[in-house]
Amino acid sequence: MDAYAGRVLAERYRLPLRPAGDEDFAETRAFDTYSAQEVLLRQVPLPEVVEAEFADAEPGAGGRPPGGAGARPGRRPGTADRSPHDPVARRALEAAAAAAQLPDHPLLDQVFDVFVQDGSLWIAGELVAARPLSALLAEGPLTVQRAAEIAADVLTALRALHAHGWTHRNLTARTVLVCHDGRAMLTGLAVGAAQEALCGGDPVPREGAGPAQAEPRVQMRKQAATAHGAAEGARAVPAGVTAAGAGEGPGTGAYPARVGGDGAGAAPGAGPSGGLPAPRSAEPPGASAPDLSIPRVPAPAGPPQDAAPGGRPGAALAAERARQARLQVIGPVTERWAPELAGPQASPGAAADLWAVGALLFRCVQGRPPFPEESSVELARLVRAQLPAAADGCGRLRPVVEALLSRDPAARPGFDELRVLLWSVIRTAPEPDLGGVLVTVPAPGAGGDPRRLPIVRRRGELVRTGRSRRGAARRARADRAAAGTARRSPDAVAPRPAKRPKRQRAAPVAGAAALDRPGKPSKPSKPQRHNPRHLGRLLLALILLLVVGAVVYAMVFLPKAGSRASGPGGAMQATAASGTPSQGGQHGGASGTGSPQTTAPAGLADGFEVRKDPEGFQVGVRNGWQRRAANDRGQVRYVGGGYELVIVPGRDTTAKFGADPMAYQQDKEPELAPYRGSGWATASGLRRTDVGRTAMAEGTFTWKDSSGREVYVRNLAMIHDGRYHLVQVIGPHGDRREVDRYYDQATGSYRPA
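Residues numbered from 1 in each chain as written. Predicted model: local features only at pLDDT ≥ 70, side-chain atom pairs only at ≥ 80, totals over all residues. Heavy atoms only, no water.

Trainee: How do you make sense of the overall build of the chain when you look at a structure like this?
Mentor: What the chain contains, in helices and strands, is 19 helices and 18 strands. Burial statistics for the chain: of 753 residues in total, 38% are counted as buried. Here the chain displays about 41,900 Å² of accessible surface, and carbon together with sulfur accounts for 55% of that area. (Helix = DSSP H or I, 4+ residues; strand = E, 2+ residues; numbered from the N terminus. Buried < 20%, exposed > 50% of the residue type's maximum accessible area, 1.4 Å probe, protein only. Areas by Shrake-Rupley, 256 points an atom, 1.4 Å probe, with all protein chains shown as cover.)

Shown next, in the form of structure tokens:
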């Protein structure tokens, strides 16, 4: 409660303490004193209302009523109003209240209360333990797969809204919350409905919009209209007459009572007929107690009274006024300005939410909106006159984003098609790197609790001092008991030695002989205690022995300084023993003399030979493979036995394609274009390796080629002297071991020019 020391709204919501004059905020935490839990309060400013005043009018008859915009005459300032007098404020409150009546959904937030106070519309909703998507985008753009996951959750929430006849129209990076478990939630429906109502629109679906929701919505509006009439009648009660539920304090009508089937109102806490839960208090029956639960807001009281027939403005002037109001209220947010909403005659629909999903995907992946957001007027003009920015950086999401940002609402894909496209992108996400730190939970023993993890023991306790202390204490008690027995026995000649523990019974021979000597009392032998210093010396000796063994192993078994390292990129680290390569089984290369290590690197398997290519590189190839001439794409191919080795020696530069080999391999490498364009493809083992100034990336890919054959591909992309060198081995999916073998030999012996 110390954190909520600010003002109190609606006599129950306590706000945090804010600096003086800092009252213009969109949302804030609040503490509900009735239910003793935290909620989220969202503020929607209401327009200022100035009423005409006449010189001969009575005092208080004209002018703006106290309490802010939309306040009812006669209501004291600083109190909540759930049936405002101003028609604009009443229309916004009814729209937000109607949005709160939607059934709960795991991907939609809950709305508890809606009221007007101090010139603003306040919406009390669920406080979700999550971060807004805008906060994540402030740290950097998201990956294509992560953006597709968030979009899939948003589409699920939108589909639930559209099934009830609603359109969200407030889908932005601020209204999408990302929970700690990775799922995304959609919020802001009530705020968007209130803002659209303030702009002259009618966000509440009409009766019959949804087959399953038509009759309940008519019943809700009838009940709200009856409650509104009952509230009007309560205010008309003369002074001195008490009306049930006419008060405004806690527990006496702080919220409009839900109405039963007979149209009679019921006060909060009245039980099943009232619609609000009974107060959770231990007071005896008949005592007045506040309602400790968060009530649901009342249903809307029908269409706005000041709207034209059909619920929409009929004149062009009214439509232009609504458009100007929307420019001021909504602001420059691309997701909320679909082309069909930016024109003079706005025609909102479900396709406007799909436009918002496309703009949100563009923002998530590329880190910026598809249109400039400098002003609302310019943004509304651009979305209708120009195409969005090119989605080059969206990768596999580019066709999805371009289809969603189409200016024709009918050309945007449906939910089923979008779901298939998004999941095809999500399945291409690389496998997570769990690392080497894994915790293995053992099977619980007999009578153990399977929910408890094993106790983590402290490390470093080499000497158990507690056990030796307990043993010494037992021995001392035994010595004192033996001495007392000897003093009590008159026939005792010599004290009887105390019985020692079994682990100390074995005494040295000299001590046994001393016991047999007459006249000399035997001295008890000292207990043998392990000295920590001896144990430390032993450990130090073991460590030195291990170090010496490691040095000897390195000198005997590891390769010399002139040999080459094996594995991917090993040729980039090796140094030649001499500068002139030998002929040694080369095909199509130049002849020469020199050390054999240049043409037969260490670790080259039997049946392979090193060929120095006319393009200036050398690589280990299977004996008998034929070399194909370099094509127009700079590829050198070695073919044999249904397998293919592709070498691209420095065709692409880092100045054009960037210095990240992993991004180049996934999104830009032409040799992997069949993988990116295939409808059935997988990727695994993606990793990047940096050796000095050399960066390389490798991965394993599978796809179906043009003939329908499933191929297995190992790919390596390395940067050398500012250029990309590619080594790729392609073979049948059933012979993956052979492909891995050819790939290891080629990458281990490859040396660029």
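Trainee: How do you make sense of the pairing of strand β14 (residues 643–653) when you look at a structure like this?
Mentor: Look at any regular strand and the pattern is simple: side chains alternate between the two faces of the sheet. When strand β13 (residues 636–640) meets β14, the two strands line up antiparallel, connected through five bridges. By the bridge assignment for β14, G640 is matched with Y643. Following β13, the chain reverses through two residues before pairing antiparallel with β14; G641 in that reversal takes a positive phi of roughly 65 degrees. Note: β14 against strand β18 (residues 723–732), eight bridges, orientation antiparallel. Counted as the bridge partner of I647 is V727 from β18. (Pairing = 2+ DSSP bridges.)

Trainee: How should the packing of helix α1 (residues 87–100) against helix α4 (residues 189–198) be read in this particular structure?
Mentor: Each packed pair of helices is defined by two parameters, the angle between the axes and the distance between the axes. Running from N to C, α1 and α4 cross one another at 150 degrees; their axes reach a closest spacing of 8 Å. The angle between α1 and α4 falls in the class roughly antiparallel. The hand of the α1/α4 crossing is right-handed. Contacts between α1 and α4 pair V88, R91, A92, A95, A96 and A99 from the former with L189, A190, A193, A194, A197 and L198 from the latter. Classifying every residue of the contact of α1 with α4 by side-chain character gives 11 nonpolar, no polar and one charged. (Axes fitted to C-alpha atoms, helices over the stretch in contact; angles between N-to-C directions. Parallel < 35°, antiparallel > 145°, perpendicular 65-115°, else oblique. Left-handed = near helix turned anticlockwise from the far one by under 90°. Contact = heavy atoms within 4.5 Å. Nonpolar A, V, L, I, M, F, W, Y, C, P; charged D, E, K, R; others polar.)

Trainee: Where do I start with a nonpolar patch on the surface in this structure?
Mentor: Where nonpolar side chains cluster on the molecular surface, the patch consists of I543, V547, V548, V551, V552, Y553, M555, V556, F557 and L558 and spans about 1,000 Å² of accessible area. Residue placement: V547 occurs in helix α14 (residues 532–557). Judged by relative accessible area, which is 47%, V547 ranks as partly exposed. (Patch = residues over 30% accessible without salt bridge, like charges linked within 9 Å, V, L, I, M, F, W, Y side chains within 5 Å. Salt bridge = Lys/Arg side-chain N within 4 Å of Asp/Glu carboxyl O.)

Trainee: Which parts of the structure should I look at to understand the pairing of β13?
Mentor: Here β13 shows one buried face, formed by V636, Y638 and G640, and one open face, formed by R637 and V639. Of the strand pairs in this sheet, strand β12 (residues 626–628) and β13 are connected by three bridges, and their pairing is antiparallel. In the sheet register, Q626 faces β13, and the bridge partner there is V639.

Trainee: Would you mind showing me how to read the packing of aromatic side chains here?
Mentor: In this description, a pair of aromatic rings is defined by centroid distance and the angle of the planes. Within the structure shown, the criterion is met by 12 aromatic pairs. Judged by centre distance (5.9 Å) and plane angle (5 degrees), the rings of Y13 and F115 are stacked. Here F115 lies in strand β5 (residues 111–117) and Y13 lies in strand β2 (residues 13–14), a separation of 102 residues in the sequence. Residue classification places F115 among the buried positions, given a relative accessible area of 0%. Among the aromatic side chains, those forming a connected cluster through ring pairs are F608, W625, Y643 and Y742. In this structure, R326 is placed above the aromatic ring of W337, and the distance from its NZ or CZ to the ring centre is 4.7 Å. (Phe/Tyr/Trp six-rings, centres within 6.5 Å; stacked < 30°, edge-to-face > 60°. Lys NZ or Arg CZ within 6 Å of the ring centre and 35° of its normal.)

Trainee: Quick question: what am I supposed to make of the nonpolar core here?
Mentor: In a soluble, globular protein the nonpolar side chains are often hidden away together inside. Formed by 82 residues in total, the largest nonpolar core has its most connected members in L121, L133 and L397. In contact with L133, other than residues within four places in its own chain, are L142, I150, A173, V176, V178, L360 and C364. Counting residues in hydrophobic clusters, the runner-up holds 21 residues, among them M718, V729, A746 and Y750. (Core = buried A, V, L, I, M, F, W, Y, C linked by side-chain atoms within 4.5 Å.)

Trainee: Honestly, the sheet that holds β5 in this entry has me stumped. Any pointers?
Mentor: Sheet strands pair by backbone hydrogen bonding; their relative direction is either parallel or antiparallel. Pairing in this open sheet of six strands is antiparallel, and the strands run β1-β2-β3-β4-β6-β5 from one edge to the other. The open sheet has two edge strands, β1 (8–9) and β5, and neither has a second partner. Sheet analysis places β1 next to β2, joined by two bridges and oriented antiparallel. Among the inter-strand pairings, V8 is bridged to a residue of β2, identified as R14. The sheet strands contacting α1 are β5 and β6 (120–125), and the helix crosses β5 at an angle near 170 degrees. α4 rests against β4 (37–45), β5 and β6 of the sheet, and its axis sits at about 20 degrees to β4.

Trainee: So what exactly am I meant to see when it comes to the pattern of salt bridges here?
Mentor: Side chains bearing opposite charge may pair, as long as their charged atoms lie close to each other. Tallied over the full model, the rule gives 30 salt bridges. Measuring nitrogen to oxygen at the nearest pair gives 3.2 Å for the salt bridge that ties R651 to D652. Residue class for R651 comes out partly exposed when judged on its relative accessible area of 24%. Classification of D652 as buried rests on a relative accessible area of 8%.

Trainee: Where do I start with empty space enclosed by the protein in this structure?
Mentor: Any empty space left between atoms is shown by rolling a water-sized probe over those atoms. Applying the stated criterion across every chain yields a total of nine cavities of 30 Å³ or more. In this structure, the largest cavity encloses a volume near 190 Å³. Going through the elements one at a time, α1 and α4 are the ones with two or more residues in the lining of the largest cavity. Ranked by residues supplied to the lining of the largest cavity, first place goes to α4 with three residues. Of the residues belonging to the lining of the largest cavity, the class tally is 11 nonpolar, three polar and four charged. (1 Å grid on protein atoms, 1.4 Å probe; cavity = no way out; pocket = protein on both sides within 12 Å on 5 of 7 lines; lining within 4 Å. Points joined across faces, edges and corners; volume = space filled by probe spheres on them.)

Take it as geometry only, folks, not as evidence of what the structure does.
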